[in-house]
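Chain and residue survey
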Amino acid sequence: MTSTSPPSPTAPSPTFEFKQFYLGCLAQASYLLGSKGEAVVVDPRRDVGVYLDEAKSRGLTIRYIIETHLHADFVSGHKELSELTGAPILISRKANALYEHRGVGDGDDVRVGALSLRILETPGHTPESISILVTDTNVSDKPQMVLTGDTLFIGDVGRPDLLGSKGLTADHMAGLMYDSLHAKLLPLADDVLVYPAHGAGSLCGKNLSKETFATMGNQRATNVALQPMSRDEFIRFLTADAPETPRYFPMDVEINRHGAASLGAESAPESLTVEAFARRQEEGAVVLDVRPSADYALAHIPGSLNVGLSGQFASWAGTLLDPRRDLLILAANESDALEARTRLARVGLERTVGWLADGMNAWKAAARPVEAMQQLTVRELHSLLTRPDPRPVQVVDVRRNAEWQAGHIAGALHASLHQLEDHAAYLDPTIPTYVMCGGGYRSVMATQILQDMGIREVIDVKGGMGEWTAQGLPTVTP
């Protein structure tokens, strides 16, 4: 491995109109590129107004919409953007897309003003994955940028294991990824800018960087998946220790294959009175509390699930919620309720039927039942676990496997949040259960799930393993 590496660019400086739109909630990037009054949008998110506004502010007309593949982790707005602009949607011929589109393949050249957008077939993450080689012909006949979709990330490459249900093994897809990287992307010049569809936090890869772009030279030197290895070694490397597959991924692929319905303002959730809100809950709707976990801990509606807007809200909502059930939003204000509705729609959760006007203030004023969550500090938990005559307790660690492997509390039970319900048989519902995560965001979600599983006494550990290690408390590794 090379000991020194070219530095990542501090800021992109393309010679054409360019904008990266980055959604931290989904760790997802989309793009607008333009030249001579024309523009193309690549991998648009569900709410497409941002592209219309950006194009208008730059004096551009959107001529094309390109999808690099059928996305699994979010619902794309390609169909609505096409309907609003008249721009055709371009996607690989291998995608079997079921909406009106124009199929593209290796070597096809799409012209947007002076920009040449050359299509590179780069299967591996999915069979239909493409990358887009961008050349501003006004200044050079050499490419300046490549949009790599989920093929090449900063620090990693796309995972190959999402298509088992389609009969395509992870080994087969990893082999295709190796071929794509070596035939199409690694030959590019060191100064070509790399812009992927995801960054750190996405489950479309394992070790993504927090950086949202780099150069090919930087990635050639620092990206662990691009280091010299044989095809067989690469396959073994890429298929080892795959992260979990959230249950909404297959659903989103099919939504994107058909094209999602328009996300119009007319479908905004209704403002509900306490009486109407409570009635909807009694009829089976799930109450999703999107306030910060600290507020939820102090007072919340019995039976509600907390997924705070401040974290990876959309991803966890898609993982934990049943898309077939109606959703009720409990938020601090109307703005947060509407933001929650948009973020839910980004992962295909469409059944938001209402939000509680004036939130918990209204609920309390109506003398409706309220619950508080039991919590304790990491020091208090450590004292409880180490006292000479401890009573029976169980500690449930809901972090992901890699986090657990890095260090955990001795004697704790590991049950990743996305699989928590599958561990019901291993938990004793009669003894106090203390819940740990990395920093407190996921453990608050887990408390309600455990209560729904029949655990009688559930206590959240404030600050999680981050605070535990910061306090110097002991951990073990497998």
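See the structure above.
By convention here, each chain's residues receive numbers from 1 onward along its written sequence. Confidence filtering applies because this is a predicted model: local features only for residues at pLDDT of at least 70, side-chain atom pairs given and counted only at 80 or more, and all residues used for totals across whole chains, interfaces and linings. Side-chain numbers come from the whole structure's heavy atoms, not from hydrogens or water.

Some thoughts on the packing of helix H9 (residues 313-320) against helix H14 (residues 441-452)
- Orientation of H9 relative to H14, taken along the N-to-C sense of each, is 20 degrees, at an axis distance of 12 Å. With respect to their mutual orientation, H9 and H14 come out roughly parallel. Classified by chirality, the crossing of H14 by H9 is right-handed. Counting all contacts with H9, which are made through Phe313, Trp316 and Leu320, the residues of H14 involved are Tyr441, Arg442, Met445 and Ile449.
- Its residues assigned to classes, the contact of H9 with H14 comprises six nonpolar, no polar and one charged. Convention adopted: a line fitted to C-alpha atoms gives each axis, helices being fitted over their contacting stretch, and angles between N-to-C directions are expressed from 0 to 180 degrees. A run of H or I in DSSP counts as a helix once it spans at least four residues, and a run of E counts as a strand once it spans at least two, with each numbered from the N terminus. We call two directions roughly parallel when the angle between them is under 35 degrees, roughly antiparallel when it is over 145, roughly perpendicular when it lies between 65 and 115, and oblique otherwise. If you view the pair so one helix is near and one far, a crossing is left-handed when the near helix is turned anticlockwise from the far one by less than a right angle, and right-handed when it is turned clockwise. Residue contacts are counted whenever heavy atoms from the two residues lie within 4.5 Å of one another. Amino acid classes used here: Ala, Val, Leu, Ile, Met, Phe, Trp, Tyr, Cys and Pro are nonpolar; Asp, Glu, Lys and Arg are charged; the rest, including Gly, are polar.

Here we look at unusual backbone geometry
- One non-glycine residue, aspartate 43, lies in positive phi territory at about 55 degrees.
- Here the term buried applies to any residue with accessible area under 20% of the maximum for its type, exposed to any over 50%, and partly exposed to those in between, with areas from a 1.4 Å probe on protein chains only. Accessibility expressed as a relative area gives 2% for aspartate 43, which makes it buried.
- Even without being a glycine, alanine 367 presents a positive backbone phi close to 60 degrees.

Description of the side chain of aspartate 460
- With respect to the element layout, aspartate 460 can be found in strand S22 (residues 458-461).
- Charge assignment in this entry is limited to Lys and Arg as positive and Asp and Glu as negative, and neither His nor the chain termini are counted. The salt bridge definition used is simple: a Lys or Arg side-chain nitrogen within 4 Å of an Asp or Glu carboxyl oxygen. Buried and without a salt bridge, aspartate 460 has lysine 462 as its closest oppositely charged side chain, separated by 7.9 Å.
- Nitrogen and oxygen atoms within 3.5 Å of one another constitute a polar contact, given that in protein one can donate a hydrogen and the other can accept it, and given that sequence-neighbouring residues count only through two side-chain atoms. At 2.5 Å, the side chain of aspartate 460 forms a polar contact with the side chain of serine 443.
- Residues within four places of aspartate 460 in sequence aside, it is in contact with Met373, Gln374, Gln375, Leu376, Val435, Ser443, Val444 and Thr447.

Some remarks on empty space enclosed by the protein
- Site definitions follow a grid-based scheme: protein atoms alone, a 1 Å grid, a 1.4 Å probe that fits but cannot get out for cavities, and for pockets an open set with protein on both sides within 12 Å along at least five of seven lines, plus lining residues having an atom within 4 Å of a point. Grid points are joined across faces, edges and corners, and a volume is the space filled by probe spheres set on the points. Applying the stated criterion across every chain, the model contains two cavities of 30 Å³ or more.
- Its boundaries defined by the atoms lining it, the largest cavity holds a volume of some 70 Å³.
- In this structure, the largest cavity is lined by Cys25, Leu26, Asp73, Gly201, Ser202, Leu203, Tyr248, Phe249, Gln312 and Ser315.
- For the lining of the largest cavity, the class distribution of residues is five nonpolar, four polar and one charged.
- Computed from the structure, the second largest cavity encloses a volume of approximately 30 Å³.
- Along its surface, the second largest cavity is lined by Asp156, Val157, Arg159, Pro160, Asp161, Lys206, Leu238 and Ala242.

Things to note about the environment of glutamate 457
- Relative to the helices and strands, glutamate 457 resides in the loop between H14 and S22.
- Remark: the alpha-carbon pair of glutamate 457 and aspartate 190, spanning 267 residues in sequence, is separated by 57 Å.
- Non-local contacts of glutamate 457, meaning those with residues more than four positions away in its chain, are made with Gln374, Arg391, Ile431, Pro432 and Thr433.

Overview of the sheet that holds strand S15 (residues 305-306)
- Two strands form a pair only when DSSP identifies at least two bridges running between them. On the basis of which strands lie adjacent, the open sheet formed by five strands has the order S13-S17-S16-S14-S15 and parallel pairing. The two strands at the open ends of the sheet, each matched to only one other strand, are strand S13 (270-272) and S15.
- Judged from the two bridges that link them, strand S14 (residues 286-289) and S15 form a sheet pairing that is parallel. The residue of S15 that forms the bridge with leucine 288 is leucine 305.

A word on the state of the cysteines
- By definition, disulfides here are pairs of cysteine sulfur atoms that lie within 2.5 Å. Taken as a whole, this structure holds zero disulfides when the rule is applied.
- Free cysteine cysteine 437: the closest other cysteine sulfur is in cysteine 25, separated by 17 Å.
- Looking at cysteine 437, the relative accessible area reads 0%, which means it is buried.

Topic: the sheet that holds strand S8 (residues 115-121)
- Overall, mixed pairing links the six strands, which are arranged S7-S8-S9-S10-S11-S12 in an open sheet. On the outer flanks of this sheet lie strand S7 (109-112) and strand S12 (214-215), each paired with one strand and no other.
- Looking at chain direction, S8 and strand S9 (residues 130-136) are connected through seven bridges and run antiparallel. Pairing of serine 116 across the sheet is with threonine 135, part of S9.
- Sheet strands touched by helix H3 (residues 170-185): S8, S9 and strand S10 (145-149). Its angle to S8, the strand with the most contacts, is close to 145 degrees.

A short note on the pairing of strand S5 (residues 89-92)
- Sheet topology note: the strand S4 (residues 61-66)/S5 ladder contains two bridges and is parallel. Along S5, the bridge assignment pairs isoleucine 65 with isoleucine 89.
- Pairing geometry for S5 and strand S6 (residues 102-104), over three bridges, is parallel. By the bridge assignment, serine 92 is partnered in S6 with valine 104.

Here we look at the pattern of salt bridges
- A complete count under the given rule lists 20 salt bridges for this structure.
- Residues participating in the shared-partner salt-bridge network are Glu17, Glu54 and Arg58.

Quick word on the side chain of aspartate 150
- Checked against the element boundaries, aspartate 150 lands in the loop between S10 and H3.
- Within the structure, aspartate 150 has its side chain in polar contact with the side chain of histidine 125 (distance 3.3 Å).
- Non-local contacts of aspartate 150, meaning those with residues more than four positions away in its chain, are made with His69, His125, Gly158, Met177, Ala197, His198 and Cys204.

Comments concerning the packing of aromatic side chains
- When two rings of Phe, Tyr or Trp (its six-membered ring) have centres within 6.5 Å they constitute a pair, described as stacked for plane angles under 30 degrees, edge-to-face for angles over 60, and tilted for the intermediate range. Taken as a whole, this structure holds nine aromatic pairs when the rule is applied.
- With 5.9 Å between their ring centres and 25 degrees between their planes, phenylalanine 18 and tyrosine 31 make a pair best called stacked. Residue phenylalanine 18 is located in strand S1 (residues 17-23), and its partner tyrosine 31 is located in strand S2 (residues 28-35); the two are separated by 13 residues in the primary sequence.
- The buried category is assigned to phenylalanine 18, whose relative accessible area is 12%.
- Exposure remark for tyrosine 31: the relative accessible area of 1% places this residue in the buried category.
- Pairing phenylalanine 277 with tryptophan 363 gives two aromatic rings, centres 6.2 Å apart and planes at 75 degrees, and the pair type is edge-to-face. Within this pair, whereas phenylalanine 277 is found in helix H7 (residues 274-282), its partner tryptophan 363 is found in helix H11 (residues 359-365), the two being separated by 86 residues in sequence.
- Through a chain of ring-to-ring contacts, three or more aromatic side chains come together here, namely Phe16, Phe18, Tyr31, Tyr195 and Phe213.

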